[in-house]
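Residue strings, one per chain:
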Amino acid sequence: MKALQSQKILALFLGIFFSTAFALKHPDLVTAAERSPLADGGAGTARPIAASPTAAKPVGLDAVQLGRSLDRGDVAGGIQQIELGWKRQFENYYQGKLTSRLLNVEQIVRVLEKNHRESGQKAALIYAVPATNHLELILVAPGGPPVHRRVTAANRDALAAMTKAFRNEVANPSNFNGAYLPSARALYQWTIAPLEPDLKARGINSLIFCLGKGLRGLPLAALHDGQQFLVEKYSLSIIPAFNLLDNRVSKLQNVYVLAMGASEFKDKSALPGVPLELSTIVNRLGRGERWLNQDFTLANLKARRDIYPFEIVHFATHAKFLPGDVTQSYIQFWDDQLRQDRFKSLGLRSPAVQLLVLSACQTALGDAQAELGFAGLAVQSGSKAALASLWAVSDTGTLALMSEFYRQIPSASIKADALRKTQIAMLKGRLNLRGAAQPSPSRTGQAPTSANAAPEVVDYTHPYYWSAFTLVGNPW
């Protein structure tokens, strides 16, 4: 009897030993359980990870292993590594499993081709992965195989220094001498120029960026080729991973907006432009409701959505993506500070919300955790896409942009193009609010430096006013 028990114990031990050895040798095969398809093609949703004293935290992308695959010419395998690695990175941040559909390169291309036929916009997917000694760029687009480029000038230290300089200069509206242009051009040369011949040859007019650590908070629209801003050439969006994306095309004609917000707070700076913002966007779209201050509650949001689904939900309130874990970032309601780990309680997945707008959003630029929260906004909230700002823009600047954005939505081919046309109108000086008596406070509550009185026409051409606004998630 004892001999039989010893044999069972030995068999169990050997089973665990060989299973572990197999997992270490074939990590990609072990993750197959994560690859369950979504029946409705929806974006990923977080499910809590069961607590286990022996469970290891999910790891992100192994840049060294990725480099080896790309050196062998296995670009398709490299893309799979990126998708799985960044999925695990977001799961680690949100402390929950994200369901997804693991598409191979051919399947991703077929999705892009299908959406081109349905929307008229020809999109390309760009992966940008920082490594110690270089930047890895991969282009996936209709019209040919994936393209890999390695940019040795953009080593990790150089890239980090350049992105920091660029963000600081673009986010400073008091400097109108183009101080941001050198860093804007350098980053363009590193991230776009190596792929540009292929983009032009394939007729691409929309870029979807899947970005690595340190790049997710870049105001991409303000990258510059020496003649034009990037947004003048392409519509732009960022995603956490293609396999976490609800990739279906949705037209935003004849949609209704649920516009909610607060202009005053107990312990935060006032947002005096919010009442006008809510009225303006409902009037621009011609369909919707607005709810202000005491009526801006999670309970009222759910009650109104029970009556009508509202394809667009607009929040004009303080929202911050901060350093630290997922509980540090939040959206401020009238009576509650909704932390990001509770974003799924918004109930935006069912019925599906096509677009969540956070018009007074602010992100801790340069912080990896804050940028994970920003890049995963659509996934965690349940909306197909989100429009949010990387920094707090002035009340009047936000009002100008939102007013034009909602004017563009009904006629735009895709959401990303509505934002592109709005940003171009601002940088070209075609959007102005006249008659301002004094400088408007910014959405941080601090007045921008200026003369004693504001000019009759407020100049919104500086990228501070328009490049902060970023479309996260489904661009179609």
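Use the structure listed above.
Because the structure is a prediction, the values reported are computed rather than measured.

A. Structural view of the overall build of the chain. Looking only at helices and strands, one finds 15 helices and 15 strands in the chain. Residues classed as buried in the chain amount to 54% of the 476 residues present. Within the chain, counting contacts between residues at least 6 apart in sequence, those at least 24 apart form 76% of the total. Put simply, the chain shows about 19800 Å² of open surface, and 53% of that area lies on carbon and sulfur atoms.

B. The arrangement of the side chain of Asp246 in detail. By secondary structure assignment, the location of Asp246 is in the loop between β7 (235-239) and β8 (257-261). Reaching out from Asp246, the side chain makes a polar contact with the side chain of Arg248 at a distance of 2.7 Å.

C. View of the pattern of salt bridges. In total, this model carries 16 salt bridges according to the counting rule given. A salt bridge links Asp225 to Lys233; its shortest N-O distance comes to 2.9 Å. For Asp225, a relative accessible area of 25% corresponds to the partly exposed category. Via salt bridges that share partners, Asp71, Glu136 and Arg150 belong to a single interconnected network.

D. Broad picture of the packing of aromatic side chains. Tallied over the entire structure, the rule returns 14 aromatic pairs. Ring centres 6.5 Å apart and planes at 25 degrees place the aromatic pair Phe90 and Tyr94 in the stacked group. Here the residue Phe90 and the residue Tyr94 both occupy positions in helix α4 (residues 75-94), the gap between them amounting to four residues, near one helical turn. Both residues of the pair, Phe90 and Tyr94, count as buried.

E. Expanded view of the packing of helix α6 (residues 156-170) against helix α7 (residues 181-191). At their nearest, the axes of α6 and α7 sit 9 Å apart, and the two run at 135 degrees to each other. When the interaxial angle is binned, α6 and α7 end up oblique. Note that α6 runs across α7; the crossing there is left-handed. The residues of α7 that touch α6, namely those facing Ala158, Leu159, Met162, Thr163, Ala165, Phe166 and Glu169, are Ser183, Ala184, Ala186, Leu187 and Trp190. In terms of residue class, the contact of α6 with α7 is built from nine nonpolar, two polar and one charged.

F. Structural context of the environment of Ile126. Counting through the fold element by element, Ile126 comes out in strand β3 (residues 123-130). Overall, Ile126 belongs to the buried group, its relative accessible area being 1%. A sequence separation of 13 residues divides Ile126 from Leu139, and the C-alpha atoms of the two residues are 4.8 Å apart. Apart from the residues within four sequence positions on either side, Ile126 is in contact with Ile138, Leu139, Leu195, Leu207, Ile208, Phe209 and Cys210.

G. Seen up close, the pairing of strand β4 (residues 135-140). Counted residue by residue, β4 has six buried out of six residues, so it is predominantly covered. Of the strand pairs in this sheet, β3 and β4 are connected by six bridges, and their pairing is antiparallel. Looking across to β4, one finds that Ile126 is bridged to Leu139. The hairpin turn running from β3 into β4, its antiparallel successor, is four residues long. Examined bridge by bridge, β4 and strand β5 (residues 147-151) share five bridges and lie antiparallel to one another. Bridge pairing in β5 links Leu135 to Val151. Taking the residues between adjacent antiparallel strands as the criterion, β4 and β5 are bridged by six residues, where Gly143 takes a positive phi near 100 degrees.

H. Quick peek at unusual backbone geometry. The step from Ser350 to Pro351 runs through a cis peptide bond, and the omega angle for that step is -10 degrees. Structurally, Pro351 can be placed in the loop between β12 (337-339) and β13 (355-363). At Asn293, a residue that is not glycine, the phi angle is positive and equals roughly 50 degrees. Looking at the secondary structure, you find Asn293 in the loop between β9 (288-292) and α10 (298-307). Since its relative accessible area comes to 8%, Asn293 is described here as buried. For Phe310, which is not glycine, the phi dihedral falls at a positive 50 degrees.

I. Here's a closer look at the packing of α4 against helix α11 (residues 368-375). The interhelical angle for the contact between α4 and α11, taken along N-to-C directions, is 100 degrees, at an axis separation of 11 Å. By the criterion of interaxial angle, the relationship of α4 to α11 is roughly perpendicular. Residues Gln89, Phe90, Tyr93 and Tyr94 of α4 pack against Gln369, Leu372, Gly373 and Ala375 of α11. Across the contact of α4 with α11, the residue classes tally to five nonpolar, three polar and no charged.

J. Quick peek at the environment of Leu298. Examined against the element boundaries, Leu298 turns out to sit in helix α10. For the pair formed by Leu298 and Asp336, sequence separation is 38 residues and the distance between their alpha carbons is 8.1 Å. Beyond its immediate sequence surroundings of up to four residues, Leu298 is in contact with Phe333, Leu338, Arg342, Ser345 and Leu346.

K. Quick peek at helix α14 (residues 415-427). End to end, α14 covers 19 Å across 13 residues, agreeing with the expected 18 Å (1.5 Å per residue, within 8%). Listed as buried for α14 are Lys415, Ala416, Asp417, Ala418, Leu419, Arg420, Thr422, Gln423, Ile424, Ala425, Met426 and Leu427. Structurally, α14 contributes buried residues whose contacts are with β7, β13, β14 (385-389), α13 (395-408), α15 (463-466) and β15 (469-473). Downstream of α14 by a residue or two, Gly429 has a phi angle that is positive, lying close to 80 degrees.

L. Main features of the nonpolar core. Within the largest apolar cluster, 144 residues are counted, with the highest numbers of intra-cluster contacts made by Tyr127, Leu207, Phe209, Phe242, Phe315 and Tyr406. Once residues within four sequence positions are removed from consideration, Tyr127 is found in contact with Ile79, Ile82, Glu83, Trp86, Ile108, Glu136, Leu137, Ile138, Val140, Cys210 and Phe242.

M. Just the environment of Phe166, in detail. Looking at where Phe166 falls in the secondary structure, it is placed in helix α6. Between the C-alpha atoms of Phe166 and Leu187, which are 21 residues apart in sequence, the distance is 8.5 Å. With sequence-adjacent residues up to four places away left out, Phe166 is seen in contact with Tyr180, Ser183, Ala184, Leu187, Leu218, Pro219, Ala222 and Leu223.

So, how was this worked out
Residues numbered from 1 in each chain as written. Predicted model: local features only at pLDDT ≥ 70, side-chain atom pairs only at ≥ 80, totals over all residues. Heavy atoms only, no water. Helix = DSSP H or I, 4+ residues; strand = E, 2+ residues; numbered from the N terminus. Buried < 20%, exposed > 50% of the residue type's maximum accessible area, 1.4 Å probe, protein only. Contact = heavy atoms within 4.5 Å. Areas by Shrake-Rupley, 256 points an atom, 1.4 Å probe, with all protein chains shown as cover. Polar contact = N/O pair within 3.5 Å; in protein donor to acceptor, adjacent residues only side chain to side chain. Salt bridge = Lys/Arg side-chain N within 4 Å of Asp/Glu carboxyl O. Phe/Tyr/Trp six-rings, centres within 6.5 Å; stacked < 30°, edge-to-face > 60°. Axes fitted to C-alpha atoms, helices over the stretch in contact; angles between N-to-C directions. Parallel < 35°, antiparallel > 145°, perpendicular 65-115°, else oblique. Left-handed = near helix turned anticlockwise from the far one by under 90°. Nonpolar A, V, L, I, M, F, W, Y, C, P; charged D, E, K, R; others polar. Pairing = 2+ DSSP bridges. Expected span 1.5 Å × (residues − 1). Core = buried A, V, L, I, M, F, W, Y, C linked by side-chain atoms within 4.5 Å.

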